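# An overview of the molecular structure
Chain residues, written in single-letter form:
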Amino acid sequence: MIPAVKDLQAAFQARGYVTGDALATALRLVVGLGKPLLLEGPAGVGKTEAAKTLADVLGTRLIRLQCYEGLDAQSALYEWNYARQLLHLRAAELRGEAASDDDLYGETFLMPRPLLQAIREPRSAVLLIDEIDRADDAFEAFLLELLAEWQITVPELGTLAAVSRPHVILTSNRSRELSDALRRRCLYHWTEYPSRAQELQIVLSRLPGINETLARQVTDAVHALRALPLGKTPGVAETLDWAAALVSLHADHLDAESLHATLGAVLKLREDQLLAAPTLQGVAAQAQARG
């Protein structure tokens, strides 16, 4: 069953992920049209979490390929279990037998990597190709072929066609420009930091025991920090980490002492902490005045 947009939003909300109409519609089309979705935006806005939540909502497997510089097709597709092949050879020698290539390069010794796993799933999985912008042009070109044909050639075994077509989500922090060819094959959604109201809702959903005043103060503080020219802007994950740290210290509001003690949960660069010090002093003072 393909969920309606509102049902999808409600299901995401129940899992602590607040999504707007545009993102919910894009995710619904991934399932309905079978087209890949490119989620682009700054780090920490919940692109990866959207794929994880979609898999949970659909009740299917999440398969994640983490991209990196130098990633090649072989590493993303499959590898052979060389240790097991060697043991097989030795066992054959002890029996006085000769192992053939068919014996050594069969399904028994094939170790599927994420892309091959995804197309061999009996039920459509959610395939997350995370940070595609970290991979190079050659891997991107290979990926285009896979997304078009939905089959993989293993020289020793032949062509392996997809058992089911996965729901594909690609994420990009836009560290480099992706090709027009890849963009043409994908639906597209720009993912921005959530609004104050949305982020407050996320904090309250993910940390149900948090004091609402504290949740609001943390959310306001993070939005004040994002207005600064920081080296590493805090994402939603840092907001949740900061709020959770304060809850673990039994804080019911944000003051100068608790802010200083937990600053490492939200700002991960010393330069950013120094730059943000005046802003955070003002945040603590306002919180105390309202307190």
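Notes on the structure in this doc start here. (Residues numbered from 1 in each chain as written. Predicted model: local features only at pLDDT ≥ 70, side-chain atom pairs only at ≥ 80, totals over all residues. Heavy atoms only, no water.)

## Focus: unusual backbone geometry
The condition is simple: A helix here means a DSSP run of H or I that spans at least four residues, while a strand means a run of E at least two residues long, and both kinds are numbered starting from the N terminus. With a 1.4 Å probe rolled over the protein chains alone, any residue whose accessible area is under 20% of its type maximum counts as buried; one over 50% counts as exposed, and the rest are partly exposed.
Here Trp-150, not a glycine, exhibits a phi torsion of approximately 55°, which is positive. Among the secondary structure elements, Trp-150 is positioned in the loop between helix H8 (137–149) and strand S6 (151–154). Of the residues examined, Trp-150 reaches a relative accessible area of 7% and is grouped as buried. Not every positive phi belongs to a glycine, and His-250 is a case in point at roughly 65°. On the secondary structure map, His-250 appears in the loop between helix H12 (236–248) and helix H13 (256–261).

## Section: the pairing of strand S9 (residues 187–190)
Filter applied, for reference: In this scheme, strands are said to pair when DSSP sees at least two bridges between them.
Here S9 shows a buried face lined by Leu-187 and His-189 and an unburied face lined by Tyr-188 and Trp-190. Pairing analysis gives four bridges linking strand S1 (residues 37–40) to S9, with the strands arranged parallel. Bridging from a neighbouring strand, Leu-37 pairs with Leu-187 of S9.

## A word on the packing of aromatic side chains
Centre-to-centre distance and the angle between the planes together describe a pair of aromatic rings. To keep it simple, the criterion reads: Aromatic contacts are taken between Phe, Tyr and Trp rings whose centres are within 6.5 Å, Trp giving its six-membered ring; a plane angle under 30 degrees counts as stacked, one over 60 as edge-to-face, and the others as tilted.
Tallied over the full model, the rule gives three aromatic pairs. On the basis of an interplanar angle of 75° and a centroid distance of 6.1 Å, the ring pair of Tyr-78 and Trp-80 is categorised as edge-to-face. The class of Tyr-78 is buried, set by a relative accessible area of 6%. Pairing Phe-139 with Phe-142 gives two aromatic rings, centres 5.8 Å apart and planes at 45°, and the pair type is tilted. Of this pair, Phe-139 and Phe-142 are both found in helix H8, three residues apart, which corresponds to roughly one turn of the helix.

## Considerations on the sheet that holds strand S5 (residues 126–130)
As a general point, the strands of a sheet are linked pairwise by backbone hydrogen bonds and lie either parallel or antiparallel. For clarity, the cut-off: Axis angles are defined between N-to-C directions and span 0 to 180 degrees, where every axis is a line fitted to C-alpha atoms and, for a helix, only to the segment in contact. In this description, contact between two residues means that some pair of their heavy atoms is separated by no more than 4.5 Å.
Sheet architecture is open: five strands sit in the order S2-S5-S8-S1-S9, paired in parallel fashion. The open sheet has two free edges, formed respectively by strand S2 (62–66) and S9, since each of these has just one partner strand. Neighbour to neighbour, the strand axes of the sheet diverge by 20° on average, direction disregarded. Here four bridges tie S5 to strand S8 (residues 167–172), and the two strands are oriented parallel to one another. Within the sheet, the bridge partner assigned to Leu-127 lies in S8 and is Val-168. Here helix H2 (residues 21–33) sits on the sheet and contacts S1, S8 and S9; the angle it forms with S9, its principal contact strand, is near 155°. Sitting on the sheet, helix H3 (residues 47–58) touches S1, S2, S5 and S8, and the angle it makes with S5 is about 170°.

## Things to note about H3
Rules: A helix's residues, less one, multiplied by 1.5 Å, set its expected span.
For H3, built from 12 residues, the straight-helix expectation of 16 Å at 1.5 Å per residue is met to within 8% by its first-to-last C-alpha distance of 17 Å. Among the residues of H3, those classed as buried are Lys-47, Ala-50, Ala-51, Thr-53, Leu-54, Ala-55 and Leu-58. Contact partners of the buried residues in H3: helix H1 (5–14), H2, S1, S2, S5 and S8. Positive phi shows up at Gly-59, right after H3, with a value of about 65°.

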